[in-house]
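Below, each chain spelled out in residue letters.
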Amino acid sequence: MTATGPATVPVTTALALGDDALVLSHRLGEWAGHAPVLEEEVALANIALDLLGQARVLLSLAGDEDELAFLREERSFRNLQLVEQPNGDFAHTIARQLYFSTYQHLLYAELAAGDGPFAPLAAKAVKEVAYHRDHAEQWTLRLGDGTETSHERMRRACDALWRFTGEMFQPVEGLDVDWAALESRWLESVTGVLDRSTLTVPEGPRTGAWSAGAGRQGVHTESFGRMLAEMQHLHRSHPGASW
């Protein structure tokens, strides 16, 4: 039996969606002071704040948002492995954002159109997620169809992150979604963006040996542990402090 929080929202589902938003928010926040141009630093910070807002709502449905963010161990997080991947160069960040924001926008649009427990949240978030998706698409076009160097970096980034995309379409308990149809629409959209960017769809597999679920099952990549230690350090160093 699935534990539930307020308004009969499945806790496991809220954690999966909330952890996706929380972890990617932190990754994007790492660009503060390091983005290639000031305008882009502001844009990435705004996307990070949007995702953090989503994470706060979702995690609060599962329990105490601060405890869930800062006191859980690595194996208790249920985020996709894609969102925990290091920023790399700017092209890697954009490829990660293209893959995830396309998925999140399609998912939230479907949830918003239904009458499930996540419909109200999805309806509020879908507009900001549409901006995240457009931002990633526009940068993919700029880099892919830009200079020889930017094209090659974007190609390498898309190839490197492709193997993490299959996990997005593993069914999530508590979400009444046609995952096969969602995946088909995602592939069509991403393929279209890559084609317009003079990039080719990566040929490698979209899953690894962890096809049973990976991040959704608490199995994470090496870089996630280091990121989590940084994210949780201040809270753990000063337990019970108020700011």
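Residues numbered from 1 in each chain as written. Predicted model: local features only at pLDDT ≥ 70, side-chain atom pairs only at ≥ 80, totals over all residues. Heavy atoms only, no water.

- The chain carries the name Phenylacetate-CoA oxygenase subunit PaaI in an unreviewed UniProt entry, which gives Streptomyces griseofuscus as its organism.

1. Focus on the overall build of the chain
So, step 1. Helix and strand counts for the chain stand at eight helices and zero strands.
So, step 2. For the chain, the succession of helices and strands along the chain, N to C, is α-α-α-α-α-α-α-α.
So, step 3. Taking 2.2 N^0.38 as the reference for a compact globule, 243 residues should give roughly 18 Å; the C-alpha atoms of the chain span a radius of gyration of 17 Å, in line with that estimate.
So, step 4. Overall, the C-alpha framework of the chain stretches about 50 × 40 × 35 Å when taken along its three principal axes.
So, step 5. Within the chain, buried positions represent 49% of all 243 residues.
So, step 6. When contacts within the chain are restricted to residue pairs at least 6 apart in sequence, those whose partners lie at least 24 apart make up 80%.
So, step 7. Between the centroid of the 20 positive side chains of the chain and the centroid of its 34 negative side chains there is a distance of 2 Å. (Helix = DSSP H or I, 4+ residues; strand = E, 2+ residues; numbered from the N terminus. Rg over C-alpha atoms; globule rule 2.2 N^0.38 Å. Buried < 20%, exposed > 50% of the residue type's maximum accessible area, 1.4 Å probe, protein only. Contact = heavy atoms within 4.5 Å. Lys, Arg positive; Asp, Glu negative; His and termini not counted. Charge placed at Lys NZ, Arg CZ, Asp CG, Glu CD.)

2. Quick look at the side chain of Glu40
So, step 1. Positionally, Glu40 belongs in helix H2 (residues 38-62).
So, step 2. Within the buried core, Glu40 has no salt-bridge partner, and the shortest N-O distance to an opposite charge, that of Arg142, equals 5.9 Å.
So, step 3. Polar side-chain contacts of Glu40 include one of 2.6 Å to the side chain of His135.
So, step 4. If we ignore the near neighbours within four places in the chain, the residues touching Glu40 are Ala35, Phe90, His135 and Trp139. (Salt bridge = Lys/Arg side-chain N within 4 Å of Asp/Glu carboxyl O. Polar contact = N/O pair within 3.5 Å; in protein donor to acceptor, adjacent residues only side chain to side chain.)

3. As for the nonpolar core
So, step 1. Judged by nonpolar contacts, the single largest core of 70 residues is most densely connected at Tyr99, Tyr103, Leu107, Tyr108, Phe118, Leu175 and Trp186.
So, step 2. Looking at which element gives the most residues to this core, the answer is helix H4 (residues 90-113), with twelve residues.
So, step 3. In this structure Leu175 touches Thr13, Leu17, Leu107, Leu111 and Phe118, once residues within four positions along its chain are discounted. (Core = buried A, V, L, I, M, F, W, Y, C linked by side-chain atoms within 4.5 Å.)

4. Focus: helix H1 (residues 11-29)
So, step 1. With 19 residues, H1 extends 26 Å between its outermost C-alpha atoms, agreeing within 8% with the 27 Å of an ideal straight helix rising 1.5 Å per residue.
So, step 2. Across the 19 residues that make up H1, a large majority, 17, are buried. (Expected span 1.5 Å × (residues − 1).)

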